[in-house]
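This is what each chain is made of:
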Amino acid sequence: MSMAVAANEHREELRESRFGFWRRSYAMVVKESIQLRRDRVSFAMIVMIPVMQLLLFGYAINTTPHNLPTAVLLQEDTDLGRSILKALENTDYFRFTRQVHDVDEFDNLLKSGKVLFGVEIPRGFERAVRRGDHPALLVAADATDPIAASSALGSLSVVVQTALDHDLFTGDPPSLPFEIRAHARYNPAASSRLNIVPGLVGTILTMTMLIFTALSVTREIERGTMESLLSMPIKPVEVMFGKIIPYVLVGFIQAALILGIGVLLFGVPVLGSMALLALLTTLFITTNLSIGYTFSTVVQNQLQAMQMSMMFFLPSILLSGFMFPFAGMPVWARYVGEGLPLTHYVRIIRAIMLRGATMQNLQYDSLVLIGLMLLAMTIAVTRFRRTLD
Amino acid sequence: MNAAAPIAIDVKGLTKSFEGREVVHELSMQVKRGSIYGFLGPNGSGKTTTIRMLCGLLTPDRGEGTCLGFDIRRDADKIKRRVGYMTQRFSLYQDLSVRENLEFVARLYGVADARGTAREMIKRLGLSGREEQLAGDLSGGWKQRLALGACTLPNPQLLLLDEPTAGVDPKARRDFWNEIHALAGQGLTVLVSTHYMDEAERCHEIAYIAYGHLLAHGSVDDVIAKSRLTTYTVTGDDLQALSEKLAGQPGIDMVAPFGTSLHVSGRDQAALESSIMPWRDKPALHWQKAAPSLEDVFIELMGRSKDNFQ
């Protein structure tokens, strides 16, 4: 008897090591999906939260940010050019962070969102002014965030006057010797909805995804089902995947819902690749689910889980650049913001939808999201208590 | 190979404290394969904690041992795969149907045909027609059957049942025990904790645990014999008054009413007999020396352990 049993056990162990992980994760996914389907209130939340928020946030929050990062493309080095730049800087709206040397670099910086403005002083500018050729000085603005761009653009006419006062051109207005040509790129009408809708996708996903998984482990403990679950041969990673995967789909539905309403009701465009947006949205959803799940392995009960989610959600809303322009925040707040997934996703989705950015422009933010996700998962798996001790 | 070992559970010196309070103290026990082992003791005596340590849900502070030949500290995963644990509180998913619960368990254990196995189990449990009902909507008796079904479904070698029949009607209890005996007949080892004396008597072996200490173990007859208890039963008039007078007399450890009779027990037979002497010849009372029942033994053990450990 014992030989047969031994062979049997051996086979069992083998099968265990090969398919056990997928099989048990699958069992968990099926279970969680059924439970989600039965939970009518949660199900209603999935639809209600985005619709409500979207309608509430249809209106913009106003502010006038300062010290916005600006790139300078200086094609000639002259007194007039310098005094114009000085005058621009003196408005407090612009802060020159990059000096670039060609138009491509200039465009790329704007496209990737590293700067909000670009100032180009063309070759032969001063000479043209002296000759009375009325040349153009280009100020390009990333107007995806109209709040950030509009007040700065509004200050331009003052700049012209200041620059003139400083230099040799006194006494000859009314006709200006040169023209400042402002380009409001990507969002020419400066519609704040264009900016709000993509950000809202991220905000709503943060809120719902966080809460769904933050409650998942504590719910098992409070309903007493954890004892059964732990007495069965399932590993922490499998429990985690089982609890995360069904909600990836939920997050996807929500994102589609918000974007759908955004496009239909507010006419928000999607300039970039839909596939890229879907891919990075999935990454963002999974990152949030992992963080929520991590909370649920740390807290004692569902109330604490909710509180912890709120603690995370508030800074996400305020410091991510969703409500207030990221570049206008103090340094410490920007450091905090860099640690929040929403910050990176807001950049990603605005870049894709409004500026048609490609993966190349978004590598940094995508990598940070992956890093945060892996970090959260690691903490969750190590924190998950395998016993009732 | 471990499957052939004659001992299913073999633990020594298990100790577990929660927040400085020792719940299980130096507990050692052996359970033979294929036997039904009853685990008795008052509430809070450490039965559940012991069971949880056996299946790897709790780590003992001290002590060691094996369960199905696997070390309870190191091989919790292997033990879990071979043990069915039925918790005291219903711990399957209330918002999943009977079928979905069983399929979940089947998939977790890697049963080849999860749907088919679940369907068969539903038939075996007599739950046909209720398979789509939510587990939370089942009555107590059905919940208990479902829980037993769920923990036997992956063909375990050992069943750990924590007060499986609490709050279940007598008919359902009897059916349940018939099922347990059938399973033991197939070679399964069953460790079951209970409060009911009639259930204890259906076990091959029993252990009595109070305040974390294992006080007595062996077959029912062994436990009764080892108690050295002398018991007299009295019938007659005004037993309540008699009971009050007898309680606390030298040699009388326990006076307990049983229907129309009174059980008077003590470990010191001579002292007991001299204490009841004044009432022996009362014509209204009828005295008879009797074998102590398991319940007498347990109530006496419980009273004694209270003095010793509390």
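Residues numbered from 1 in each chain as written. Chains lettered and ligands numbered in written order. Predicted model: local features only at pLDDT ≥ 70, side-chain atom pairs only at ≥ 80, totals over all residues.

Draft legend 1. Structural context of the overall build of chain A. Per the secondary structure count, chain A includes 16 helices and 5 strands. Here chain A, with 389 residues, has 42% of them falling under the buried criterion. Considering only residue pairs separated by 6 or more positions, chain A has 83% of its internal contacts joining residues 24 or more positions apart. (Helix = DSSP H or I, 4+ residues; strand = E, 2+ residues; numbered from the N terminus. Buried ≥ 20, exposed ≤ 12 C-beta atoms within 10 Å, placed from the backbone. Contact = placed C-beta atoms within 7 Å.)

Draft legend 2. Examining the overall build of chain B more closely. Of the regular secondary structure elements, chain B holds 11 helices and 14 strands. Overall size of chain B, expressed as C-alpha extent along the three principal axes, is 70 × 45 × 35 Å.

Draft legend 3. Local environment of the domain arrangement of chain A. Residue and element names in this part refer to chain A. As assigned here, chain A comprises domain 1 (68-185) and domain 2 (192-388). On a C-alpha basis, the centroid separation for the pair domain 1 and domain 2 is 39 Å. Counting residues at the interface gives 11 residues for domain 1 and 13 residues for domain 2. Residue assignment for the side of domain 1 that touches domain 2 shows that the elements contributing at least two residues are strand 1 (68-74), helix 4 (103-112) and helix 6 (146-154). For the side of domain 1 that touches domain 2, the element with the most residues is helix 6, which contributes 3 residues. (Domains from an automatic or database assignment.)

Draft legend 4. View of the domain arrangement of chain B. Each domain of chain B was delimited in the assignment, giving domain 1 (7-223) and domain 2 (230-291). A C-alpha centroid distance of 39 Å is found between domain 1 of chain B and domain 2 of chain B.

Draft legend 5. View of the interface of chain B and chain A. Across the contact, 25 residues belong to chain B and 28 residues belong to chain A. For the side of chain B that touches chain A, the elements supplying multiple residues, two or more each, are helix 2 (76-82) and helix 3 (98-108) of chain B. With 4 residues, the top contributor of residues to the side of chain B that touches chain A is helix 3 of chain B. Residue classes in the side of chain B that touches chain A are distributed as 13 nonpolar, 4 polar and 8 charged. (Nonpolar A, V, L, I, M, F, W, Y, C, P; charged D, E, K, R; others polar.)

Draft legend 6. Region of the structure containing the packing of helix 2 (residues 40-56) of chain A against helix 11 (residues 236-266) of chain A. All names here are of chain A. Between helix 2 and helix 11, the shortest axis-to-axis distance is 10 Å and the interhelical angle comes to 30°. When the axis of helix 2 is compared with that of helix 11, the two are roughly parallel. Handedness of the crossing formed by helix 2 with helix 11: right-handed. Contacts between helix 2 and helix 11 involve I46, V47, P50 and L54 on the former and, on the latter, V250, I253, Q254, L257, I258 and I261. Of the residues contributing to the contact of helix 2 with helix 11, the split by class is 9 nonpolar, 1 polar and no charged. (Axes fitted to C-alpha atoms, helices over the stretch in contact; angles between N-to-C directions. Parallel < 35°, antiparallel > 145°, perpendicular 65-115°, else oblique. Left-handed = near helix turned anticlockwise from the far one by under 90°.)

Draft legend 7. The environment of G154 of chain A, seen in detail. Residue and element names in this part refer to chain A. Assignment of secondary structure puts G154 in helix 6. Judged by C-beta crowding, with 13 C-beta atoms within 10 Å, G154 ranks as partly exposed. For the pair G154 and A182, spaced 28 residues apart in sequence, the C-alpha to C-alpha distance is 9.7 Å.

Draft legend 8. A look at the pairing of strand 1 (residues 7-18) of chain B. Residues and elements named next belong to chain B. Pairing analysis gives 8 bridges linking strand 1 to strand 2 (residues 21-32), with the strands arranged antiparallel. Opposite L14, over in strand 2, you have L27 as the bridge partner. The turn linking strand 1 back onto strand 2 is made up of 2 residues, and E19 within it adopts a positive phi angle of 50°. Pairing analysis gives 5 bridges linking strand 1 to strand 4 (residues 62-67), with the strands arranged antiparallel. (Pairing = 2+ DSSP bridges.)

Draft legend 9. View of unusual backbone geometry. All names here are of chain B. The residue L68 is not glycine, and still its phi comes out positive at about 55°. Along the chain, L68 falls in the loop between strand 4 and strand 5 (70-71). Positioned with a positive phi, Y211 is a non-glycine residue whose angle comes to about 50°. As for its placement among the helices and strands, Y211 is situated in the loop between strand 9 (205-210) and strand 10 (213-218).

Draft legend 10. Focus on the nonpolar core. Judged by nonpolar contacts, the single largest core of 174 residues is most densely connected at F117 and A141 of chain A together with C67, L160, V190, L191 and Y208 of chain B. A per-element tally of this core places helix 8 (residues 192-214) of chain A first, with 13 residues. Leave out the neighbours within four places in its chain, and A141 of chain A touches L116, F117, A149, A152, L153, A182, H183, A184 and R185 of chain A. V234, M254, V255 and V264 of chain B belong to the second largest nonpolar core, which has 10 residues in total. (Core = buried A, V, L, I, M, F, W, Y, C linked by C-beta atoms within 7 Å.)

Draft legend 11. Local environment of the environment of M329 of chain A. Residues and elements named next belong to chain A. Here M329 lies in the loop between helix 13 (302-319) and helix 14 (331-338). With 19 C-beta atoms counted inside 10 Å, the residue M329 sits in the partly exposed group. Measuring from C-alpha to C-alpha, the distance between M329 and F384 comes to 37 Å, with 55 residues separating the pair along the chain.

Draft legend 12. Broad picture of the sheet that holds strand 2 (residues 94-100) of chain A. Residue and element names in this part refer to chain A. Read from one edge to the other, the open sheet built from 5 strands follows the order 2-1-3-4-5, with strand pairing classed as mixed. The open sheet has two free edges, formed respectively by strand 2 and strand 5 (179-185), since each of these has just one partner strand. Taken pair by pair, the neighbouring strands of this sheet meet at an average axis angle of 25°, ignoring direction. Pairing of strand 3 (residues 117-121) with strand 4 (residues 136-142) involves 4 bridges; the strand directions are antiparallel. Considered in strand 4, the bridge of F117 is made with A141.

Draft legend 13. Examining the sheet that holds strand 11 (residues 230-236) of chain B more closely. Residue and element names in this part refer to chain B. Pairing in this open sheet of 4 strands is antiparallel, and the strands run 12-13-11-14 from one edge to the other. Every other strand in the sheet has two partners, leaving strand 12 (254-258) and strand 14 (285-290) as the edge strands with one partner each. Across the sheet, the mean angle from the axis of one strand to that of its neighbour is 25°, orientation sign disregarded. Pairing of strand 11 with strand 14, which is carried by 6 bridges, proceeds in the antiparallel orientation. Each bridged residue has a counterpart across the sheet, and for T233 the counterpart in strand 14 is Q288.

Draft legend 14. Quick peek at the confidence of the model for chain B. Residue and element names in this part refer to chain B. Of the residues in chain B, 97% have a pLDDT of 70 or more, and the chain-wide mean is 90. Across chain B, the element-wise mean pLDDT spans from 76 in helix 11 (residues 294-309) up to 96 in helix 3. Two summary scores accompany this predicted model of the complex, namely pTM at 0.78 and ipTM at 0.86. (pLDDT = per-residue confidence, 0-100.)

Draft legend 15. Quick peek at the packing of helix 15 (residues 341-355) of chain A against helix 16 (residues 359-383) of chain A. All names here are of chain A. Taken N-terminus to C-terminus, the directions of helix 15 and helix 16 make an angle of 150°; their axes are 9 Å apart at the nearest point. Handedness of the crossing formed by helix 15 with helix 16: left-handed. Where helix 15 abuts helix 16, its residues P341, H344, Y345, R347, I348 and A351 lie against N361, L362, D365, V368, L369 and L372. Looking at the contact of helix 15 with helix 16, its residues break down into 8 nonpolar, 2 polar and 2 charged.

Draft legend 16. Quick peek at the confidence of the model for chain A. Residue and element names in this part refer to chain A. Residues at a pLDDT of 70 or more form 86% of chain A, whose mean pLDDT is 83. Note on residues 1-7: pLDDT is under 50 here. Beyond four places in sequence and across chains, it has 8 contacts. Under a pLDDT of 50 for its full length, residues 59-63 has, in the predicted model, 7 contacts with residues more than four places off or in other chains.

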